[in-house]
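# Tertiary structure, described
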Amino acid sequence: MDGALEQAEVFARERPHLLAVAFRILGSEADAQDVVQEAWTRYVRADATGIRNAQAWLTTVVTRLCLDLLRRSRELPRRPEDLPPVAAGGDPQEVALLAGELTEAVTVVLDELTPPQRVAFVLHDVFGMPFEEIARILGTTPGSAKKLGSRARGRLRRAADPRPDADPREARRVVGAFLKAAQEGDIDGLIAVLHPDVTRTADPQALPPGAAQRVRGVRTVVAETRALRDNARRARLATIDGRPGIAIWADGRPRTALIFRVAHGRIVHYDVVADPHRLARLHIED
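Quick summary incoming for the structure in this document. Because the structure is predicted, anything quoted here is derived from the model rather than measured. (Residues numbered from 1 in each chain as written. Predicted model: local features only at pLDDT ≥ 70, side-chain atom pairs only at ≥ 80, totals over all residues. Heavy atoms only, no water.)

## A few points about the overall build of the protein chain
Counting secondary structure elements, the protein chain contains 13 helices and seven strands. The proportion of buried residues among the 286 residues of the protein chain is 48%. Contacts spanning at least 24 positions in sequence make up 66% of the contacts within the protein chain whose residues lie at least 6 apart. Carbon and sulfur atoms make up 51% of the accessible area of the protein chain, which totals about 14,100 Å². (Helix = DSSP H or I, 4+ residues; strand = E, 2+ residues; numbered from the N terminus. Buried < 20%, exposed > 50% of the residue type's maximum accessible area, 1.4 Å probe, protein only. Contact = heavy atoms within 4.5 Å. Areas by Shrake-Rupley, 256 points an atom, 1.4 Å probe, with all protein chains shown as cover.)

Laid out in structure tokens, this is it:
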């Protein structure tokens, strides 16, 4: 196979994962797209014979580009009033929840971490990358990388999203009502269980080409849910890391998982997980 063609095929295969990593680190879809495009440019210019593991090489390049971007953004002064308030407190178990969801509020907290702390937390807690690999990316020791991740987790514990989750039974009722309405194309039913400012985030692997990784607002989410009605028909209720969720199964294993945040009888956020690395970290029971 022609070398350039093979590179293009490899990059096309890895692109969704690279976008997922960049989006979770940066919190901006536009910045994530720019970073992945720059990684493609560098990949084309690199000596392919010296790259033994394309995924690891590309992930390293994307992460370092994200680091550079985060560090440059820190050079610009940011007024405290520009940041939404973040309350203190929070349950240590919330950290696992935050790693799974990465809600809007958590993105704010992540933004207050140092760039290396942010990278260590996202790569390890969200994508399951070993600290040995994270250390190589950050140019430090595995012990230092582990400390960076620990400090990030501590910061997240102290500034966790204060909104309480619904009672598990209530959350399961709300999630079940959402699934039923999605399967039936019931607009009123969807509006009834979605918060007016609901946000949906998603891994690129779960989206049609060109779809946004983050959308906000009940009307937008309802329109998207109706458009993806065929997917909903293949979905069923599941327990994900001990909490109510939705999973789409194929060949005996989950291919997509929806993780929900429910408050006051409404869905305020849900994350569509389809990146294999993220799915592998979830405990999903049918």
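## Brief notes about the pattern of salt bridges
Under the counting rule described, the total for this entry stands at 14 salt bridges. Arg173 serves as the salt-bridge partner of Glu170, at 2.9 Å between the closest nitrogen and oxygen. On the criterion of helical spacing, the pair formed by Glu170 and Arg173 is a turn pair, its members being three residues apart in helix H9 (residues 168-184). The exposure class assigned to Arg173 is partly exposed, which follows from its relative accessible area of 48%. Connected through salt bridges with shared partners, the residues Arg24, Asp203, Asp271 and Arg278 form a single ionic network. (Salt bridge = Lys/Arg side-chain N within 4 Å of Asp/Glu carboxyl O.)

## Things to note about the packing of helix H1 (residues 3-26) against helix H2 (residues 29-45)
Helix-helix packing is described using two parameters, namely the angle between the two axes and the distance between the axes. At a minimum axis separation of 9 Å, H1 and H2 run at an interaxial angle of 145 degrees. In the packing of H1 onto H2, the handedness of the crossing is right-handed. Contacts between H1 and H2 pair Gln7, Ala8, Val10, Phe11, Arg15, Leu18, Leu19, Ala22, Phe23 and Leu26 from the former with Glu29, Asp31, Ala32, Gln33, Val35, Val36, Ala39, Trp40, Tyr43 and Val44 from the latter. (Axes fitted to C-alpha atoms, helices over the stretch in contact; angles between N-to-C directions. Left-handed = near helix turned anticlockwise from the far one by under 90°.)

## Let's talk about the side chain of Arg200
Note on placement: Arg200 falls in strand E1 (residues 194-202). A distance of 3.0 Å separates a polar atom in the side chain of Arg200 from the backbone oxygen of Ala212. Of the polar contacts made by the side chain of Arg200, one reaches the side chain of Glu224; its length is 2.5 Å. (Polar contact = N/O pair within 3.5 Å; in protein donor to acceptor, adjacent residues only side chain to side chain.)

## Re unusual backbone geometry
Trans is the prevailing form of peptide bonds, just as negative phi is the prevailing case for residues other than glycine. Positive phi, normally seen in glycine, also occurs at Asp251, with a value near 55 degrees. If you trace the backbone, Asp251 turns up in the loop between strand E4 (243-250) and strand E5 (253-263). Residue classification places Asp251 among the exposed positions, given a relative accessible area of 74%. Of note, His264 is a non-glycine position whose phi angle comes to about 55 degrees, a positive value. Relative to the elements of secondary structure, His264 occurs in the loop between E5 and strand E6 (266-273). Given a relative accessible area of 76%, His264 falls into the exposed group.

## Concerning the layout of surface pockets
Taken as a whole, the largest pocket holds about 390 Å³ of empty space. Taken together, 22 residues form the lining of the largest pocket, with Leu228, Asn231, Ile248, Leu258 and Val272 sitting closest to its centre. Going through the elements one at a time, H9, E1, helix H11 (218-227), helix H12 (229-233), E4, E5 and E6 are the ones with two or more residues in the lining of the largest pocket. For the lining of the largest pocket, a count of residues per class yields 14 nonpolar, four polar and four charged. (1 Å grid on protein atoms, 1.4 Å probe; cavity = no way out; pocket = protein on both sides within 12 Å on 5 of 7 lines; lining within 4 Å. Points joined across faces, edges and corners; volume = space filled by probe spheres on them. Nonpolar A, V, L, I, M, F, W, Y, C, P; charged D, E, K, R; others polar.)

## Regarding the environment of Glu133
Inspection of the secondary structure assignment puts Glu133 in helix H7 (residues 131-138). Each C-alpha atom, one on Glu133 and one on Leu123, is 9.4 Å from the other, the two residues being ten residues apart in sequence.

## Brief notes about H2
Spanning 17 residues, H2 covers 25 Å between terminal C-alpha atoms, matching the ideal 24 Å at 1.5 Å per step. Among the residues of H2, those classed as buried are Ala32, Val35, Val36, Ala39 and Tyr43. Buried residues in H2, looked at end-on, bunch into an arc of 95 degrees, giving them a common side. The exposed residues of H2 that point more than 90 degrees off its buried face are Ala30, Asp34 and Arg45. (Expected span 1.5 Å × (residues − 1). Arc of directions from axis to C-beta.)

## A closer look at the nonpolar core
Residues Ile25, Leu123 and Ile134 are the most contacted members of the largest nonpolar core, which totals 43 residues. A per-element tally of this core places H1 first, with ten residues. The next biggest cluster of nonpolar side chains, apart from the first, holds 27 residues, and it includes Ala171, Val174, Leu207 and Val272. (Core = buried A, V, L, I, M, F, W, Y, C linked by side-chain atoms within 4.5 Å.)

## Thoughts on the sheet that holds E5
The sheet built from seven strands is open, its strands ordered E2-E1-E6-E5-E4-E3-E7 with mixed pairing. Edge positions in the sheet fall to strand E2 (214-216) and strand E7 (284-285), since each of these pairs with one other strand and no more. In this sheet, E7 lies alongside strand E3 (residues 235-240) in antiparallel orientation, the contact comprising two bridges. Across the sheet, residue Ile240 finds its bridge partner in E7, namely Ile284. Relative to the sheet, H9 contacts E1, E3, E4, E5 and E6, its axis offset from that of E3 by approximately 160 degrees. Against the sheet, H11 contacts E1, E2 and E6, and its axis sits at roughly 55 degrees relative to E1. (Pairing = 2+ DSSP bridges.)

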